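Commentary on secondary and tertiary structure
Next come the chains, spelled out residue by residue.
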Amino acid sequence: MAALTLFNSLTRKKEAFEPLDKNNVRLYACGPTVYNYAHIGNARMAVVFDTLTRVLRTLYPKVTYVSNITDVDDKIIAAHRETGQPIETITEKYTKIYNEDMASLGVAPPDIQPRATTHIGEMIKIIEDLIARDHAYAADGHVLFHVPSFPAYGGLSGRSRDEQIAGARVEVASYKKDPADFVLWKPSGADEPGWDSPWGYGRPGWHIECSAMSAKHLGLPFDIHGGGADLKFPHHENEIAQSCCASGHEDDLSAFAKVWVHNGFVTVEGEKMSKSLGNFTLVHDILEDYPGPVIRLALLSAHYRKPLDWTQKRLQEAQRLSEKIADIFGALDAIECDPSVTSADADILAALCDDLNTPLAFSKLNTLLSKIDLAITNPKIPHKTLAELKSILYNSTQILGIGIVDQGVKEEAVDEALQTEIEKLLTERTAAKAAKNFARADEIRDELNKQGIEIIDTPEGPNWRKT
RNA sequence: GGCGCGGUGGCAGAGUGGCUAUGCAGCGGAUUGCAAAUCCGUGUACACCGGUUCGACUCCGGUCCGUGCCUCCA
């Protein structure tokens with residue numbers, strides 16, 4: 001069995017992965033704030049951790065994957081003020097869209113998808129614990145985490161407290177004892193969402209929700225905590241501070257999560273994705289033009305820790321690979337999978353186990369596809385071998401999350417009249433070919449090409465597909 | 001200013017102290033009535049300058065360039 005190694009942001013080294021409990025591997029990844037359609041960066045996070053989860057599931061009997069929905073946040077309040085829609089309408093709408101879009105990308109639902117607003121009690125409890133241990137204080141309706149009370153602060157991002165203060169560009173609020181202190185709880189106005197608490201009507205700060213939800217659903221410490229690289233500071237740093245200090249582990253940064261995994265950023269055609277540049281790329285829109293598995297392939301075509309430039313060319317290359325896989329499955333249509341073969345291609349699995357090296361895995365996938373193609377065209381290869389190869393390929397696409405075999409080639413609705421027309425022309429063309437009237441045969445090919453129909457001749461007769 | 005990351009062949013993108021990455025594109029060939037697909041062959045790649053070494057693209061130091069975070073952000 002291949003052994004998994006992962007780059008741990010906390011130690012800044014690639015380490016052999018050792019689960020705390022071999023019978024239940026537990027991981028948490030910070031999910032989206034639901035105030036808009038998911039963008040391609042959200043999708044990268046979801047796809048990366050889905051793939052990691054799939055790899056873990058092949059290695060361990062049980063995996064518990066928790067990824068949250070942030071449904072209380074100032075950005076949501078802002079969206080509410082802009083659109084006039086109730087908060088719940090906004091969060092429910094975009095949670096649903098997020099889950100649908102991610103499902104299109106082959107992202108399996110997390111085992112648990114907790115929402116911040118249903119964990120307010122757990123957050124208040126942690127805040128109370130922090131106050132009791134002198135790590136937090138109430139001031140002016142706020143509760144703040146007192147950073148100087150946690151000397152190990154900054155260990156994840158490699159940033160000392162002094163550096164943070166020196167680099168701070170925001171004005172320090174007067175109620176803070178220390179400029180680095182951050183909000184655990186803040187007061188809400190009457191028109192803002194809020195909950196009653198020992199410190200009055202208010203709402204949680206951003207970081208506390210992940211501390212509360214991960215502890216509740218996974219227990220501390222757990223194996224892997226993930227998220228986008230930009231969350232390293234301050235979000236994850238503050239999560240560590242809250243969780244370690246609330247549980248009395250002030251000297252051990254890994255008392256919260258053992259391994260920290262961060263995925264790199266996505267740029268769009270070489271530029272940073274931002275609203276001001278107008279290149280905010282939404283998954284919902286890309287799905288109009290490309291099938292989900294193709295988008296997934298494109299997202300995994302660079303190593304997860306490296307920056308990924310989202311380009312048209314990358315998508316087209318992903319489409320090529322996707323078609324190649326679909327073609328091979330098509331050629332193996334008559335072959336039944338061998339149920340005794342339960343594992344993926346060893347080289348692909350090994351690549352994935354090496355810190356989730358998906359580009360290397362795709363290289364091995366290409367090798368596998370060539371091997372199968374050769375086997376198909378070689379009449380000496382026994383049927384049994386083909387069944388085994390099909391199973392290996394199927395299992396490999398499953399672990400990569402590219403359910404191409406289930407989806408087939410993207411079925412575009414072609415109306416019946418056109419379909420009949422195509423069949424008629426193809427019959428005519430076959431007859432023309434038989435009569436060696438190649439001029440007419442080519443004419444028909446051109447005609448159909450113009451309508452976006454590509455003819456593929458096979459020994460069994462002509463096939464066609466939409467281009 | 002502080003803390004990080006990276007510079008690989010036309011493009012994308014892995015990797016390694018000495019041994020083919022891979023894909024796309026290109027070129028030559030096989031196959032095909034023509035196509036498509038596939039197969040075979042084909043490219044003095046590792047930013048620059050020093051150092052360590054029998055040997056470095058791979059390790060160390062410096063230079064240049066690019067880029068992320070430090071403020072809501074996946």
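The residue numbers shown here count from 1 along each chain, following its written sequence. Lettering of chains starts at A and numbering of ligands starts at 1, both following the order in which they are written. The predicted origin of the model limits local features to residues at a pLDDT of at least 70 and limits the giving and counting of side-chain atom pairs to 80 or more, whereas totals for whole chains, interfaces and linings rest on all residues. Excluding hydrogens and water, the side-chain figures rest on all heavy atoms present in the structure.

1. Side note on the protein's contact with RNA strand B
Residue proximity to a molecule or strand is established when one non-hydrogen atom of the residue lies within 4 Å of it. Taken together, 48 residues lie near RNA strand B, and Lys-75, Trp-206, Arg-314, Asp-442 and Asp-457 sit nearest. Near the protein, within 4 Å, the atoms of RNA strand B are sugar or phosphate in 60% of cases. Whenever two N or O atoms come within 3.5 Å, that pair is a polar contact, provided that in protein one can donate a hydrogen and the other can accept it, and provided that, for residues adjacent in sequence, both atoms are side-chain atoms. The separation between a phosphate oxygen of RNA strand B and a polar main-chain atom of His-303 is 2.6 Å. Helix numbering and strand numbering both begin at the N terminus, where a helix is a DSSP run of H or I of at least 4 residues and a strand a DSSP run of E of at least 2. Counting residues per element, the ones that place at least two in the surface near RNA strand B are helix 1 (40-59), helix 5 (161-167), strand 9 (222-228), helix 10 (312-331), helix 12 (358-377), helix 15 (416-434), helix 16 (438-450) and strand 14 (453-458). A class-by-class count of the residues in the surface near RNA strand B yields 13 nonpolar, 16 polar and 19 charged. Any residue outside Ala, Val, Leu, Ile, Met, Phe, Trp, Tyr, Cys, Pro, Asp, Glu, Lys and Arg is labelled polar, Gly included; the first ten of those are nonpolar and the last four are charged.

2. Here we look at helix 12
The periodicity of an α-helix, 3.6 residues per turn, causes residues three or four places apart in sequence to face the same way. When the terminal C-alpha atoms of helix 12 are compared, their 29 Å separation across 20 residues agrees well with the 28 Å that a helix rising 1.5 Å per residue should span. Among all positions in helix 12, only Thr-358, Ala-361, Phe-362, Leu-365, Leu-368, Leu-369, Ile-372 and Ala-375 are buried. Angularly, the buried residues of helix 12 cover 130 degrees about the axis, an arc narrow enough to put them on a single face. Summarising the geometry of helix 12, the exposed residues directed more than 90 degrees from the buried face are Leu-374 and Thr-377. Each residue after the first adds 1.5 Å to the expected span of a helix. When a residue's accessible area, from a 1.4 Å probe over protein chains only, is under 20% of the maximum for its type it is buried; when over 50% it is exposed; and in between it is partly exposed. Starting at the helix axis, one direction is taken to each C-beta atom, and the arc is that of these directions.

3. Focus: the packing of helix 10 against helix 13 (residues 383-400)
Simply put, an axis is a line fit to the C-alpha atoms, just over the touching stretch for a helix, and the angle between two N-to-C directions goes from 0 to 180 degrees. Where helix 10 meets helix 13, the closest approach of the two axes is 11 Å, and the angle between their N-to-C directions is 145 degrees. Along this stretch, helix 10 crosses helix 13, giving a crossing that reads as left-handed. Every residue of helix 13 that contacts helix 10 at Ile-325, Ile-328 and Phe-329 is listed here: Lys-390, Leu-393, Tyr-394 and Thr-397. When the residues that make up the contact of helix 10 with helix 13 are grouped by side-chain class, the tally is five nonpolar, one polar and one charged. Working rule for handedness: look at the near helix, and if it is turned counterclockwise from the far one by less than a right angle, call the crossing left-handed; if clockwise, right-handed. The contact definition used throughout considers only heavy atoms, calling two residues in contact when any of these lie within 4.5 Å.

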